[in-house]
Amino acid sequence: MAVYRKRRHALLAYLLFAPFCVLLFVFRLIPFVNSIRMIFYKWDILGTPKYIGLGNFTRMMSDKVFWSSLWHTVYFVILTVPPIVVLSFLIALLINSRISFKGFLRSAFYLPYTLTISVVCLTWQMLYNPYFGLIGRMMKAVGLQPINWLADPVWAMPAIVITTVWWTIGFCIVLYLAGLQQIPASYYEAAELDGANGFQRMFYITIPLLKRVHVLVLVTQIIASLQIFGQVYIMTGGGPAGRTRTLMQYVYEQGFRYFRMGYAQAMAFVLFLVMLVFAYLQLRLMMTSAKEELI
Amino acid sequence: MKRLLVAVLLLSFVLLASAKTTITVWTFFGGGEGFLVTELIKKFNAENPDIEVVEQIVEWGQLYNKLITAISAGDPPDVSVMHLAVLPDFASRGALTALDKYVSKEILQDYVPEIAAKAHYEGKLYAVPFDTHPLVLYYNKKLLRQAGLVGEKGEVLVPKTWDELLSYAKQAKEKLGLEVGISSEIGAMMGERLFIAYYTQLGGQIYDEKTKTLKLEFDKVKKTYEFISNLYTSGIMKTMSYDTAESLFQNNQSPFHLNGVWVMAVYPTLKDFEFGVTSIPALPGSKSYTWADSHTWVIPKKPKDDPAKIAAAVKFIEWFARNAAEWAKAGHLPVLKNVLNSEAFLGLPMRKDYAHVANLVVPAPSMKGWVEVRQKMWEIGEAVILGNMTPEAATKELIDFVKQVVED
C-alpha cells in the first residue's frame, strides 16, 4: 500500500513537472542544439545554410572588430563589477545598521532597478548632455569645461558604466541585506564580550559569513555584464567610432543586420563558453562554502 | 434538415464572395508621420470597399530584423515599408516579389529618374517609392540678422557655396558667442550623408553602373574626409548627438543646421522660431547634389503567391504614391513629378524653397551589403572627426572595407 502511494506521488510529481520539461525542450534545448549546429554554417537567414566547417572561427580570428568588441566587453566588466560589489556591500551595511532613514535608503537604491532599460538610458543621456544636461551645467557653474560624455572616446564607456551601476546596484543590495540578516546577532554579542572591536567584527564575522553572497553577487554580475547590450545600443549605438561596441552588439549586427547568422552564432558561442567558465566557478565556490558550513 | 444545410452552404458562399481582401501592412512611422500614414490608410479603405488594409506598426529599429525572420518563417506581411538603401540587401536574397508585371506602366514614367532606377535591382522592379528625404541646410534668420549677415534690402544672406557657409557660420558663431556655427549629428549625418553629398559635388561617382559595383576614387574620398575634418578642427562644428544638434538649432543657439527634410513636420510649428530651409551649398562648378533616401512599399515573398492579395496590395501602394501630397506634410518630397509640381504640395510651408532638391538627389548605391558599408562609413567619419584617423588612413580603410564586403 505504502509503495503504491509513493509511486502515485512520484507520478503526480512527474505529471506536474512535464509541462515545464516540454517547454524547456521546445524553446530552449532544440534552439540551443540548432544554434550549435549553425556555427559550422554560412547562413544568410533567407537562403539555405552552407556548411563551411570552422570557417566562421577563422573569420573571427582575423576580424579586428570581433577582437575590439570582445575587449570592450571585458573592459566593461572590469569597470562595472568591482564598484557594484563594493558599493552594494557598503550600502547594505549602512541600511542594516541602526541609522534612522533606512526605509528611505532601501527604496532610494532599489527604485532604479525597477525602471526599464530605455527609461534609465534616456534619463542618463539627458544628464550627460554637455549643453543642456545637469552634469554639464554643474561643471560649468564651478568653472570647468563640460565633458561631452557619450561622444568622447575616453569617457563614453565610463559613462555607460556609471549608468549601469546606478541601475543594477539595488538588486545586489537586496542580496547583501538578506545575507546580513541571516547572521545571528549572538555572534556579534559574543565577539563584543570577548572585546572585539568594530574592525575585527567586520573582518572576522561579517565578511567571512557573507562568502556565499560575495560569490553570488560577483559571478552573477560578471555573467550579466558580459551580456551588456541595451545600454550601449540605446546610449551610444556602439560609438563614437565603435569605441563602445560590445560583443553582444556585434553578434546582433552581424546576425540581424548583415545577414551572417552562422557567424553571429559562432561569436555568441564564444561568449557562451566564457560565461560557462564563470558559472562553473560559481558552482565550485558555492559547493565548497556549503561544505564548510556543514562542518 | 437537408434544406437547412443547403441554405447554410449558399449563405456562406454569398458571404465569401462579398468578403473583402484583407492585406496587412507593416510600417515603422511614429509621431506626425505615423498619424499621416494611419489617416491615408483610413482614406484608402473608405474609397476601396473591396479591400481592407490593416496597419501593423513595428518599432523603427526592429522592422528589418522582424521582416527577415517573418520572411524566413514563411509568414511575412502582405506589404511592408522599406528604405530604398536597404532594398538591395533584401532583393538580392530573393526575399521580395518582383513587381514589374503588377505595377501600371504609366506610374513609373512619372517618377524622378534617380529614384525609379534605385527601385530596381538587377533589372527588376522591387519597390514602389513614395517619397524622397534629402539632406538640406537650415538657417536661423534671427541669429543671422543679429550677426549682421543681411543683404542690402535687409534680407538674410543664404549661403550658396561651402566657402560662404563656412564664413557666415564663423562670423555668427564669433559675434554671438555661440558654441557652434553649424549643428549636426556626428555619425550618419556626417559619415554617410554629407560624405556622399560632398564627394558627388567633387565629381566623384559612388556607384559604377557599368561594373555594378561601388566605386570610390581615392583622391576625392580623401578630399571629402579633409573637408569634414576641417569643419571640426576649425571649431565651426562640434561632436554631438542627433538630439543635441536639433535642440541647439531649435533653441536659437546654432545659426546653421544640417539635417534631413523630415524635421519639416515640426519646425514650422515651433513658436518664436524664424528659420529658413534651402539646398545644401555647392562646390564651384557643381550643382548642389545631396544625399537622399526614400521610403518605399515592398511585397515580401511568401511561400505561395496569392494573386488576389498581390493585386490588392499593388492597388494600395500605387494609390499611396499618387496621394503623396498628403504624406508630404511630414516634410518629405514626393517622387511623382506631377505630385511634386502640384499646388497641393507646393502650397505647404516653405516647400518651394526646397522642392527643387528632389532633382539633385544621390540615392545610396544599389548594392548588396550597403547597410554594412554605411555603418562603417559612420564609424570612419567619427574617427576622422575625433582625430583618431587621418583622412588618408580613413580613405584606405573605407576602400579596403568596401572591397571586402563586395567579395564576401
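Worth saying up front: this structure is predicted, and the values here are computed from it rather than measured.

1. Some remarks on the overall build of chain A
- The number of helices and strands found in chain A is 13 helices and 2 strands.
- The C-alpha atoms of chain A give 24 Å as radius of gyration, which overshoots the globular expectation for 295 residues (19 Å, by more than 25%).
- For chain A, the C-alpha atoms occupy an extent of roughly 85 × 75 × 30 Å along the three principal directions.
- Evaluated residue by residue, chain A yields a buried proportion of 39% over its 295 residues.
- Taking the intrachain contacts of chain A between residues at least 6 apart in sequence as the baseline, contacts between residues at least 24 apart amount to 66%.
- As displayed, chain A offers around 17100 Å² of accessible surface, 71% of which is attributable to carbon and sulfur atoms.
- A gap of 12 Å separates the mean positions of the 24 positive and 9 negative side-chain charges of chain A.

2. Section: the pairing of strand 1 (residues 21-27) of chain B
Residue and element names in this part refer to chain B.
- Relative to strand 2 (residues 51-57), strand 1 is paired through 7 bridges, and the arrangement is parallel. Residue T21 lies in a different strand from strand 2, and its bridge partner there is I51.
- In this region the chain leaves strand 1, passes through helix 2 (residues 31-47) and returns to the parallel neighbour strand 2; the handedness of that crossover is right-handed.
- With 2 bridges joining them, strand 1 and strand 3 (residues 79-83) adopt parallel strand pairing. Considered in strand 3, the bridge of V25 is made with V79.

3. What to know about a nonpolar patch on the surface
Residues and elements named next belong to chain A.
- Taken together, the side chains of V22, L23, F25, V26, F27, L29 and I30 present a nonpolar region at the surface, about 670 Å² in accessible area.
- Within the secondary structure, L29 is located in helix 1 (residues 2-38).
- With a relative accessible area of 42%, L29 lands in the partly exposed category.

4. Some points on the interface of chain A and chain B
- With 29 residues of chain A at the interface, the matching set in chain B holds 31 residues.
- Of the roughly 2500 Å² buried between chain A and chain B on both sides combined, carbon and sulfur atoms contribute 54%.
- Broken down residue by residue, the surface that chain A buries against chain B is led by L46(A), Y131(A) and F259(A), which jointly contribute 26%.
- Linking chain A to chain B there are 6 salt bridges.
- Its salt-bridge partner being D44(A), residue R93(B) comes within 3.1 Å of it at the nearest N-O pair.

5. Examining the sheet that holds strand 1 of chain B
Residues and elements named next belong to chain B.
- The strand order across the open sheet formed by 5 strands is 2-1-3-14-6, and the pairing between neighbours is mixed. Each end of this open sheet is capped by a strand with a single partner; those strands are strand 2 and strand 6 (128-129).
- By the bridge criterion, 4 bridges tie strand 3 to strand 14 (residues 295-298) in an arrangement that is antiparallel. Within strand 14, the residue paired with H83 across the bridge is H295.
- Docked against the sheet, helix 2 engages strand 1, strand 2 and strand 14, running at close to 165° with respect to strand 2.
- Contacts from helix 12 (residues 307-322) reach strand 1, strand 2, strand 3, strand 6 and strand 14, with the element oriented near 50° to strand 1.

6. A closer look at the nonpolar core
- Among the nonpolar cores identified, the biggest contains 89 residues, and M82(B), F90(B), Y138(B), W297(B), F316(B) and F320(B) are the most heavily contacted of them.
- The dominant element in this core, judged by the number of residues it contributes, is helix 12 of chain B, at 9 residues.
- The contacts of F90(B), once residues within four sequence positions are left out, are F259(A), Y64(B), L67(B), I68(B), I71(B), M82(B), A95(B) and L96(B).
- Within the second largest apolar cluster, 54 residues are counted, among which are L258(B), M367(B), I380(B) and V384(B).

7. Some points on the side chain of T236(A)
- With respect to the helices, strands and loops of the structure, T236(A) is situated in the loop between helix 11 (230-235) and helix 12 (247-257).
- What makes T236(A) buried here is its relative accessible area of 17%.

8. Some remarks on the environment of H257(B)
Residue and element names in this part refer to chain B.
- Mapped onto the fold, H257 is located in strand 11 (residues 256-260).
- Placed 76 residues apart in sequence, H257 and G181 show a C-alpha to C-alpha distance of 8.5 Å.
- Ignoring sequence-local partners within four residues, the contact set of H257 consists of V136, L137, Y138, I182, S183, A245, E246, F249 and Y267.
- Here the side chain of H257 touches N259 through a polar contact of 3.2 Å, side chain to side chain.
- Separated by 3.3 Å, the side chains of H257 and Y267 make a polar contact.

Scoring rules and cut-offs
All residue numbers refer to position in the chain's written sequence, counted from 1. Throughout, the order in which chains and ligands are written sets their labels, letters from A for the former and numbers from 1 for the latter. Local features in this predicted model are restricted to residues whose pLDDT is 70 or higher, and side-chain atom pairs enter the listing and the counts only when it is 80 or higher, whereas totals over whole chains, interfaces and linings include all residues. Values shown for side chains rest on all heavy atoms present in the structure; no hydrogens or waters enter the calculation. Strands here mean DSSP runs of E at least two residues long; helices mean DSSP runs of H or I at least four residues long; both are numbered from the N terminus. We take the radius of gyration over the C-alpha atoms and set the globule estimate at 2.2 Å times the residue count to the 0.38 power. Per-residue accessibility, obtained with a 1.4 Å probe over protein chains only, is compared with the maximum for each type, and a residue is labelled buried under 20%, exposed over 50%, and partly exposed between these values. Here a residue-residue contact requires only that any non-hydrogen atoms of the pair lie within 4.5 Å. The Shrake-Rupley method, run with a 1.4 Å probe, gives the accessible areas here. Residue values count only the displayed protein chains as cover. His residues and chain termini do not enter the charge count, which takes Lys and Arg as positive and Asp and Glu as negative. Charged side chains are reduced to one point each, which is NZ for Lys, CZ for Arg, CG for Asp and CD for Glu. Two strands are said to pair when DSSP picks up at least two bridges between them. When the strands point away from the viewer, a crossover counts as right-handed if the route from the first strand across the helix to the second turns clockwise. Here, patches come from residues exposed beyond 30% relative accessible area and free of salt bridges, joined within 9 Å for like charges and within 5 Å for nonpolar side chains (Val, Leu, Ile, Met, Phe, Trp, Tyr). Any carboxyl oxygen of Asp or Glu that lies within 4 Å of a side-chain nitrogen of Lys or Arg is treated as forming a salt bridge with it. Here the buried area means the combined drop in accessible surface, using a 1.4 Å probe, for two parts upon being joined, counting both sides. Axes here refer to lines fitted to C-alpha atoms; in helices the fit is confined to the stretch in contact. Angles between the N-to-C directions go from 0 to 180 degrees. Nonpolar cores were defined as sets of buried Ala, Val, Leu, Ile, Met, Phe, Trp, Tyr and Cys residues, with membership established by side-chain atoms within 4.5 Å. Under the rule applied, a polar contact is a pair of N or O atoms within 3.5 Å (in protein, one hydrogen donor and one hydrogen acceptor; residues adjacent in sequence only if both atoms are side-chain atoms).

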